[in-house]
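One letter stands for each residue in the lines below.
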Amino acid sequence: MDDTVSEKYRRAGTIAAAARVYGASLLKPGVSVLEVANNVESMILEKGADLAFPVNISIDEGAAHFSPRHDDTLILKRGDVVKLDVGAHIDGYIADTAKTVEIETDNYSTMIKASNDALEHAIHVLKEGVDLSEIGKVVEETIKSYGHKPITNLSGHSLERYKLHSGMSVPSVSATHSKAKPVEGDVLAIEPFATNGVGRVVSGKGSNIYLCNKSIRSKVIRDNRLKMLFNRLFIKFKTLPFAERWCEDLFPDGGELALKKLSFLGLIKHYPQLIEAKGGIVTQKEHTVIVKDDGCEVIT
Ligand code: MN
Ligand code: MN
């Protein structure tokens, strides 16, 4: 990785980390998730990065993929176990980071520690040439040592320019077969999830998070208005996820219906929320790292 690129990753990482810390400080009873998301996203932009994806605020059994709508009325309350997941990019070089905050109670501190420690141990083991199933083993053993389960069907991922999830997966269990071995300069997001449920997520309702399907050319769209909307979305968000909230100015007369039509046509993907299969509480911790020959550099 050349110096210009690593510098961009580091700047994105510093800003994403600051946004995570700031966002965590906002998680208080009575605060709306919409306010938290808007404030964190404004901070990322003010610091000179772009948004790599909508701020995710997932509560209790929600593991990932929830971002408030433009008119969301959801309010945080005491006892909520909140996963705050933020992403910033500089020129397409993405930093992705998350933490879990339990609001004013202390019922799940062991589970929070389990995912925190699993990440720390994984980072300790990661270096060029390490079989990624080794990372899965470390994550699984750490989380189980706290009496919890790793979420087996969520994994970390490699990142490439303007690609949040590129080729490699970083598993959270040893059994996951992974022949992938990272090399120096690869960028990975490691994100262990722990739960007291069954250890698996299922798809729930819509997340309000979307992604343009770049493999479909807008030429195939017959409806001129939809074609124009799709082109606007693709120009603005490229290959990165975006929020329904961010489309208000693009769709002055009813954003939601346009997004629905575009997803029905397969032009954009609407992500579902990811919910623990038996309603277990979920915790998560995530950092983005650059792989080195003798270890890795945490940029977030
Ligand atoms: Mn993330
Ligand atoms: Mn991630």
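Residues numbered from 1 in each chain as written. Chains lettered and ligands numbered in written order. Predicted model: local features only at pLDDT ≥ 70, side-chain atom pairs only at ≥ 80, totals over all residues. Heavy atoms only, no water.

### A few points about the packing of aromatic side chains
Heads up, the rule is: Two rings from Phe, Tyr or Trp (for Trp, the six-membered ring) form a pair when their centres are within 6.5 Å of each other. A pair whose planes differ by under 30 degrees is stacked, one over 60 is edge-to-face, and the rest are tilted. The secondary structure listing takes helices from DSSP runs of H or I that are at least 4 residues long and strands from runs of E that are at least 2 residues long, numbered from the N terminus. Categorising residues by exposure relies on relative accessible area from a 1.4 Å probe, with only protein chains included: less than 20% of the type maximum marks a residue as buried, more than 50% marks it as exposed, and the intermediate range marks it as partly exposed.
Summed over the entire model, instances satisfying the criterion amount to five aromatic pairs. For the pair F230 and F234, a centre-to-centre distance of 6.3 Å together with 20° between the ring planes defines the contact as stacked. Placement of the pair is F230 and F234 together in helix 5 (residues 224–237), with a separation of four residues, close to one helical turn. Residue classification places F230 among the buried positions, given a relative accessible area of 3%. Geometrically, the ring pair formed by F237 and F242 is stacked, given 4.5 Å between the ring centres and 10° between the ring planes. Each of the two residues, F237 as well as F242, counts as buried. Chaining the aromatic ring pairs together yields one cluster made of Y210, F237, F242 and W246.

### Looking at the coordination of the manganese ion (ligand 1)
The line we're drawing: Any N, O or S atom lying within 2.8 Å of the metal counts as a donor, with the limit raised to 3.2 Å for Na, K and Ca; because water is left out of the atom set, some sites can appear incomplete.
Coordination of the manganese ion (ligand 1) by the protein involves D85 (OD), D85 (OD), D96 (OD) and E286 (OE), with metal-donor separations of 2.1 to 2.3 Å. Ordering the donors of the manganese ion (ligand 1) by residue number gives the pattern D-x10-D-x189-E. A distance of 3.2 Å spans the gap from the manganese ion (ligand 1) to the manganese ion (ligand 2), which D96 bridges by coordinating each metal. You can see D85 sitting in strand 4 (residues 81–90) and its partner D96 sitting in strand 5 (residues 93–102), a full eleven residues away along the chain. Summarising the burial analysis for this pair, D85 and D96 share the class buried.

### Observations concerning the state of the cysteines
Where we set the bar: Here, two cysteine sulfur atoms that lie within 2.5 Å of each other are counted as a disulfide.
Taken as a whole and assessed by the stated rule, the structure comprises zero disulfides. Here C212 is not cross-linked by a disulfide; its sulfur's nearest cysteine counterpart is in C247, at 8.6 Å. By relative accessible area, C247 is classed as buried at 1%.

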